[in-house]
Amino acid sequence: MTTHSKNDLLTDDHITPIDFESIDGFPESHSWPQFDESLNKIQTHDLKDSLIPVIDLASPNAKTLISQACETWGVFQVVNHGVPFELVKKVESESRRLFALTTHEKCKVLRSVDGATGYGSPKLSPFFDKRMWHEGFTIMGSCVDDAKVLWPHEYQRFCDTMDAYQNQMKLLIHNLLLMILEPLDVTQEEMNWAIPAHDSQSVLQLNSYPSCPNPSRAVGLASHTDSLLLTILNQCGIDGLEIFVEGLGWRRVPSVEGAFVVNAGDLLHIFSNAKFPAVTHRAMVNQSEHRISVAYFHGPSAESRVAPSSKFQKPCFKSLLVKEYLSLKYKHFFEALSLIRA
């Protein structure tokens, strides 16, 4: 699959999802090349038997297991994370309420070409020739303005649920980063950079993958790494997440009841001096179920600098502003990390 520079391609067509309600058959625009279909031979292999660990955060050795998972895989799952089960289910329910709206209604809050929030196709769409079997809704902070448009008289429930979930995610991110970074023996200043009291970047992404008539030729979300520091994903009970394992190919990460998937992003890869891999992953679709997932992305202030921790004597990445790195990723996608190698 060919990738492109985003500067050359960003148009309204890359923002507006296909009308999943009215399509007849399987559109050529969403039919990915044969080489991707050949990977299906190994897609059915799940990452079981603790290959990707499911870590109990109440366990006394949780910190050690998390450190090992970050270094080996860049991804792990967590249970006993402290986020109320009822709230997790409310977020899933409210997400389904949103995506059940008509395409016309959802497009009233369509993300603008230069915008960051609202309804739309994946932001990585312009880098690929084919379109993805996906629609999403992006929240940064309060979602009240968009919610009032979608539900003029019934928006409060959606907003309260998303606000409460974001607050729980912030607490969980704080705890996870403490356990991830303390074994690196980072300075207090570096810890404050990763977990700032103010000005951190946080994004809540609601993902919808409608049932697909030809899932073997469709991709829900194309392969990528996450740009920020750490991601927490709820698969909402339906498998679809796959990670690329060197030497093994694509492997599915099973959905575990009550668990969140946690993965390192590019900024953590840089800060750890490449000790923690930024895992390449994608989302696949199925023919029988409408899959929902909820991702929370966390990063430091865009105005701060990112560089390998001061503990590393031979840094393999250059120091630059976080916003400069994000700009590189926005323009060059997979090549962004190679462009800042020291």
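Residues numbered from 1 in each chain as written. Predicted model: local features only at pLDDT ≥ 70, side-chain atom pairs only at ≥ 80, totals over all residues. Heavy atoms only, no water.

S.K.: Explain the packing of helix α4 (residues 62-72) against helix α8 (residues 156-181) to me, using residue names and the numbers behind them.
M.R.: At a minimum axis distance of 8 Å, the contact between α4 and α8 shows a crossing angle of 75°. The angle between α4 and α8 falls in the class roughly perpendicular. Two secondary-structure elements touch here, α4 through Ala-62, Lys-63, Ile-66 and Cys-70 and α8 through Leu-176, Met-179 and Ile-180. (Axes fitted to C-alpha atoms, helices over the stretch in contact; angles between N-to-C directions. Helix = DSSP H or I, 4+ residues; strand = E, 2+ residues; numbered from the N terminus. Parallel < 35°, antiparallel > 145°, perpendicular 65-115°, else oblique. Contact = heavy atoms within 4.5 Å.)

S.K.: Hey, could you go over the UniProt feature "domain: Fe2OG dioxygenase" (unreviewed entry) in the chain for me, with residue numbers and the actual values?
M.R.: In this structure's numbering, the residues bearing the UniProt feature "domain: Fe2OG dioxygenase" (unreviewed entry) are residues 199-300. The distance separating the terminal C-alpha atoms of residues 199-300 is 7 Å; by composition the span is 6% helix and 43% strand. (UniProt positions renumbered as here; feature names shortened; annotations may be inferred.)

S.K.: How would you summarise the nonpolar core if you had to cite specific residues and measurements?
M.R.: Of all hydrophobic cores here, the largest spans 81 residues; its most connected members are Phe-76, Phe-137, Phe-158, Tyr-165 and Leu-176. Here this core takes 12 residues from α8, the largest share from any one element. Contact partners of Phe-137, with chain neighbours within four places excluded, come to Leu-98, Phe-99, Val-109, Gly-118, Tyr-119, Asp-146, Leu-150, Phe-158, Leu-204, Gln-205 and Leu-206. Judged by nonpolar contacts, the second largest core, of 18 residues, contains Phe-20, Leu-124, Val-219 and Ala-222. (Core = buried A, V, L, I, M, F, W, Y, C linked by side-chain atoms within 4.5 Å. Buried < 20%, exposed > 50% of the residue type's maximum accessible area, 1.4 Å probe, protein only.)

S.K.: I'd like a description of the packing of aromatic side chains, backed by residues and values.
M.R.: Scanning the entire structure with this criterion turns up 10 aromatic pairs. Ring centres of Phe-127 and Phe-333 lie 4.5 Å apart, and the angle between their planes is 10°; on these two criteria the pair is classed as stacked. Linking Phe-127 in the loop between β3 (118-120) and β4 (135-139) with Phe-333 in the loop between α11 (322-332) and α12 (336-339), this pair joins segments that are 206 residues apart in sequence. An aromatic cluster of at least three residues, connected via ring pairs, comprises Trp-32, Phe-127, Phe-128, Phe-333 and Phe-334. (Phe/Tyr/Trp six-rings, centres within 6.5 Å; stacked < 30°, edge-to-face > 60°.)

S.K.: A description of the sheet that holds strand β11 (residues 281-283) should follow, citing residues and the corresponding values.
M.R.: Taken in spatial order, the four strands make up an open sheet running β6-β11-β8-β9, and their pairing is antiparallel. Every other strand in the sheet has two partners, leaving β6 (221-224) and β9 (249-252) as the edge strands with one partner each. Direction aside, neighbouring strands of the sheet carry axes that sit 20° apart on average. The pairing of strand β8 (residues 241-245) with β9 spans four bridges and is antiparallel. Bridged to Phe-244 within β9 is Trp-250. (Pairing = 2+ DSSP bridges.)

S.K.: Lay out the pattern of salt bridges in plain terms, naming residues and giving numbers.
M.R.: If you walk through the whole model with that rule in mind, you get 13 salt bridges. Between Arg-157 and Glu-94 there is a salt bridge whose closest N-O contact spans 2.7 Å. Taken together, the residues Arg-157 in helix α8 and Glu-94 in helix α5 (residues 85-99) connect sequence positions 63 residues apart. For Glu-94, a relative accessible area of 4% gives the class buried. A salt bridge links Asp-266 to Lys-329; the nearest nitrogen and oxygen atoms lie 2.7 Å apart. In this pair, Asp-266 sits in helix α10 (residues 266-271) while Lys-329 sits in helix α11, placing the two residues 63 residues apart along the sequence. For the pair shown, Asp-266 and Lys-329 are each scored as buried. (Salt bridge = Lys/Arg side-chain N within 4 Å of Asp/Glu carboxyl O.)

S.K.: How would you summarise the sheet that holds strand β5 (residues 201-209) if you had to cite specific residues and measurements?
M.R.: Spatial ordering of the open sheet is given by β1-β2-β10-β7-β12-β5-β4-β3, a layout of eight strands whose pairing is mixed. The open sheet has two free edges, formed respectively by β1 (54-56) and β3, since each of these has just one partner strand. Ignoring strand direction, the axes of neighbouring strands in this sheet form an average angle of 25°. Seen against the sheet, α5 touches β3, β4, β5, β7 (230-234), β10 (260-264) and β12 (291-299) and runs at an angle of roughly 115° to β12.

S.K.: Before we move on, could you go through α5 and cite the residues and values that matter?
M.R.: For α5, spanning 15 residues, the distance from its first C-alpha to its last is 22 Å, which sits close to the expected 21 Å at 1.5 Å a residue. Turning to α5, its buried residues number three or more, namely Leu-87, Val-88, Val-91, Glu-92, Glu-94, Ser-95, Arg-97, Leu-98 and Phe-99. (Expected span 1.5 Å × (residues − 1).)

S.K.: Any chance you could break down the packing of α5 against α8 for me, citing the residues and the numbers?
M.R.: Taken N-terminus to C-terminus, the directions of α5 and α8 make an angle of 135°; their axes are 10 Å apart at the nearest point. Between α5 and α8, the angle falls in the class oblique. Considering how the two elements wind past one another, α5 and α8 form a crossing that is left-handed. In this structure, α5 contributes Leu-87, Val-88, Lys-90, Val-91, Glu-94, Ser-95, Arg-97 and Leu-98 to the contact, and α8 contributes Arg-157, Phe-158, Thr-161, Met-162, Ala-164, Tyr-165 and Gln-168. Here the residues of the contact of α5 with α8 sort into eight nonpolar, three polar and four charged. (Left-handed = near helix turned anticlockwise from the far one by under 90°. Nonpolar A, V, L, I, M, F, W, Y, C, P; charged D, E, K, R; others polar.)

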